[in-house]
Amino acid sequence: MKKRWGTPKAIVEEFEPNEYIAACWGVGCVYNKANSYEIQHGYYDHGNVSHAADHCGNSSNQVIYDYNDDKVGDAMYECGTDGLGDLECIIYKNSNYTGRIDVSEVKIGDYIYWTTSSGSRTWHHQGRVTATAEGHPNRS
């Protein structure tokens, strides 16, 4: 076996993910407050516009899409609805559901308000943005 001396060198590998997740956050609807809002404002309609823990209340059901592949969220959708498909979320910073904001403005810790609609029904959601999505601790 022949030995050879070489100059020591460090090699740095750059991490390149094979898939980009637009943001590392989730937000579940505080469904009891959202249901109270619907009732107080006459939207509840005998339960046809209501919120539940296993649908909008699950933070994994609100997802962000990056359509332009520019690593900035372009839209938020609620999935896991009760047979309604994916519903686009319109995000607001206030409880009057006015002053629409872009999903790219949302930060961890924000308390946001958002609506989803299907046909003639509109749901008024609200919740605190958390660092990871429930049930997906490594989503980032």
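Located above this text is the structure these notes cover.
Here's what I pulled together on the structure shown here. Given the structure is predicted, the values throughout are model-derived calculations rather than measurements.

Attention shifts here to the overall build of the protein. The helix and strand inventory of the protein stands at 1 helix and 7 strands. Listing each helix as α and each strand as β along the protein from the N terminus yields β-α-β-β-β-β-β-β. Each of the 140 residues in the protein was classed as buried or not, and the buried ones make up 37%. Sequence separation of at least 24 residues holds for 49% of the intrachain contacts in the protein that already meet a minimum separation of 6.

Here the focus is the nonpolar core. Residues Trp25, Val27, Met76, Ile91, Val106, Ile112 and Trp114 are the most contacted members of the largest nonpolar core, which totals 15 residues. Contributing elements (two or more residues each) for this core: strand 4 (87-92) and strand 6 (111-118). Residues Tyr37, Ile90, Tyr92 and Tyr113 belong to the second largest nonpolar core, which totals 5 residues.

A few words on the environment of Glu38. With respect to the element layout, Glu38 can be found in helix 1 (residues 31-40). Given a relative accessible area of 0%, Glu38 falls into the buried group. When the C-alpha atoms of Glu38 and Ser50 are compared, they prove to be 7.4 Å apart, with 12 residues separating the residues in sequence. Here Glu38 is in contact with Tyr43, Tyr44, Val49, His51, Thr122, Trp123 and His124, once residues within four sequence places are set aside. Within polar-contact distance, the side chain of Glu38 engages the backbone nitrogen of His124 at 2.6 Å.

What follows covers the pairing of strand 4. Among the 6 residues that make up strand 4, 5 are buried, leaving the element largely enclosed by the rest of the structure. As judged from the 3 bridges shared by strand 4 and strand 6, these two strands associate in the antiparallel manner. Paired with Ile90 across the strands is Thr115, a residue of strand 6.

All told, the structure shown has 1 salt bridge when counted by the stated rule. The closest approach of N and O atoms between Lys93 and Asp110, which form a salt bridge, is 3.1 Å. Residue Lys93 is found in the loop between strand 4 and strand 5 (100-101), and its partner Asp110 is found in the loop between strand 5 and strand 6; the two are separated by 17 residues along the sequence. Overall, Lys93 belongs to the partly exposed group, its relative accessible area being 41%.

Turning to helix 1, a few remarks are in order. Among the residues of helix 1, those classed as buried are Ala34, Asn35, Tyr37 and Glu38. Angular distribution of buried residues about the axis of helix 1 spans 155°; they occupy a single face of the element. Seen from the buried face of helix 1, the exposed residues on the opposite side, beyond 90 degrees, are Ile39 and Gln40. After helix 1 finishes, the residue Gly42 shows a positive phi value of roughly 75°.

Procedures and definitions
- Residues numbered from 1 in each chain as written.
- Predicted model: local features only at pLDDT ≥ 70, side-chain atom pairs only at ≥ 80, totals over all residues.
- Heavy atoms only, no water.
- Helix = DSSP H or I, 4+ residues; strand = E, 2+ residues; numbered from the N terminus.
- Buried < 20%, exposed > 50% of the residue type's maximum accessible area, 1.4 Å probe, protein only.
- Contact = heavy atoms within 4.5 Å.
- Core = buried A, V, L, I, M, F, W, Y, C linked by side-chain atoms within 4.5 Å.
- Polar contact = N/O pair within 3.5 Å; in protein donor to acceptor, adjacent residues only side chain to side chain.
- Pairing = 2+ DSSP bridges.
- Salt bridge = Lys/Arg side-chain N within 4 Å of Asp/Glu carboxyl O.
- Arc of directions from axis to C-beta.

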